[in-house]
Amino acid sequence: MTIEGGRQKAEGGSRQTIRGLLAGLLLCFLTGCSDQYVNEQYGSRSGVGADSINGTTILGELFAKAGHRVRSVGRLYPKVGEADVIVWFPTDFQTPSQEAIGWFDDWLLYGEEGKTLIYVSPDYRAGEHYWSLTKVRAPAAQQGEYNKKLRESKQDFTSWRSSAPAGEAVSSWFTPDRRNQTQTVTQLRGPWAENVDAGEIAIEHRRYLTPDNQAEPLLTAGDGHPLVSQIVCAPEEWDWRNGDSRLVMIENGSFLLNASLVNKEHRKLAGRLVDHVGPPKLDVVFLQSRSDPLVLESDPSDSPPTGLRLFAIWPIGAVLAQLAALGLIYATARWPIFGTPRRSEQPSLTDFGRHVTALGRLLAGTRDRAYAYAQLRTYFQIDDKK
């Protein structure tokens, strides 16, 4: 099979990016980063959260390596609806808003055929796993600090998870339940489990997401609870459709986030997800937003904002407001005084009194009274001789 040189170059760049990101994460795991800032921002593929242990940069690179076009957005608008695949990691623990669900349902049911929505429940953070791994390799003098970081990570996740709703079905997608305890997956079943060593995985689940009865399991834990499942969104009577759109629901990101993909078995599962969306050259969009993303009826303008609209953009608006205040103060200080012009009195260059005053200041600056009197006596003696 002949592969074009341009595609080889692009895939080579993707491999280097993935290797670089994995090498950085492995370095943190092996050496520990307790004395450095560890980015734990969740669900970001770009921006300040791209290198986070909870980011999705590596997953995005896996899609790009497979030949897909990958981009990120923060809102839903008509142009996003042209995408073939949308990957959504909600950044908070609330259930998706009805407005967002309605937008996605319309996109799946009434758009072009073959659309895929990948919804990843936010019921996982890699912080606890990260600090547990690095703590083992930390020096004895730093064990206390690592234990503190581990406790804080557990407390933060527990507190954050306590805000999750329970029991109310989310459309025909799933029913959430935050009351279940954490379970470690030791067995994998289903089509995606083939050639994956379950003894090497580090997947956690809490049975938080229970898919609708019509969902087809693609990967399940040993207890039979689905980790990955899908719903085909094309009623049989719609025979004019040539393909089917799918909603893929994933229990959590414990095998998809940046830190998780250091594990080779997790990368196999991520590869199953990438292969599942279809052949290359699909338009893949990562939605970086809360569970209630802003839905726009028209596409935002591509032209950069100008004039007063800049003041409405954070943090540019705050900086411009301060600069405007400083400019106003400067202009007020330099404000001209209006009235009848008049010429100020100019000092005379032949005024001998100014010379006497200057000489007196020089003598006073010496702080030596005897010396000053001696200079005056010398002056008057010379003047008398004249």
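Since the model is a prediction, treat every value here as computed from it, not as a measurement. (Residues numbered from 1 in each chain as written. Predicted model: local features only at pLDDT ≥ 70, side-chain atom pairs only at ≥ 80, totals over all residues. Heavy atoms only, no water.)

## Let's talk about helix H4 (residues 127-137)
Taken together, the buried positions of H4 are Gly127, Tyr130, Trp131 and Thr134. For H4, the angular spread of the buried residues around the axis is 90°, confining them to a single face. (Buried < 20%, exposed > 50% of the residue type's maximum accessible area, 1.4 Å probe, protein only. Helix = DSSP H or I, 4+ residues; strand = E, 2+ residues; numbered from the N terminus. Arc of directions from axis to C-beta.)

## Quick word on the pattern of salt bridges
Counted by the stated rule, this structure contains seven salt bridges. Its salt-bridge partner being Lys79, residue Glu82 comes within 3.5 Å of it at the nearest N-O pair. The salt bridge involving Arg206 is made with Asp123; its shortest N-O contact spans 3.8 Å. Of this pair, Arg206 sits in the loop between strand S7 (204-205) and strand S8 (209-211) while Asp123 is found in the loop between strand S3 (116-120) and H4, placing the two residues 83 residues apart along the sequence. For Asp123, a relative accessible area of 0% gives the class buried. Several salt bridges share partner residues, and in doing so they unite Asp92, Arg290 and Asp292 into one network. (Salt bridge = Lys/Arg side-chain N within 4 Å of Asp/Glu carboxyl O.)

## Overview of the nonpolar core
With 47 residues, the main nonpolar core has Leu59, Phe63, Ile118, Leu188, Val228, Ile250 and Leu256 as its most contacted residues. Those residues within four positions of Val228 in sequence are excluded, and the remaining contacts are Trp192, Glu216, Pro217, Leu218, Leu219, Val248, Met249, Ile250 and Phe255. (Core = buried A, V, L, I, M, F, W, Y, C linked by side-chain atoms within 4.5 Å. Contact = heavy atoms within 4.5 Å.)

## Quick notes on the side chain of Gln230
As for its placement among the helices and strands, Gln230 is situated in strand S10 (residues 226-232). A distance of 2.8 Å separates the side chain of Gln230 from the side chain of His276, its partner in a polar contact. Every residue in contact with Gln230, bar those within four places of it in the chain, is listed here: Gln214, Ala215, Glu216, Leu218, Arg246, Leu247, Val248 and His276. (Polar contact = N/O pair within 3.5 Å; in protein donor to acceptor, adjacent residues only side chain to side chain.)

## Details of the environment of Thr91
With respect to the helices and strands, the residue Thr91 is situated in the loop between strand S2 (85-88) and helix H3 (98-110). Assessed through its relative accessible area of 29%, Thr91 is described here as partly exposed. Separated by 50 residues in the primary sequence, Thr91 and Gln41 have C-alpha atoms spaced 8.9 Å apart. Setting aside chain neighbours within four positions, we find Thr91 in contact with Tyr42, Arg125, Trp160, Ser289 and Arg290.

Structural measurements only, silent on function.
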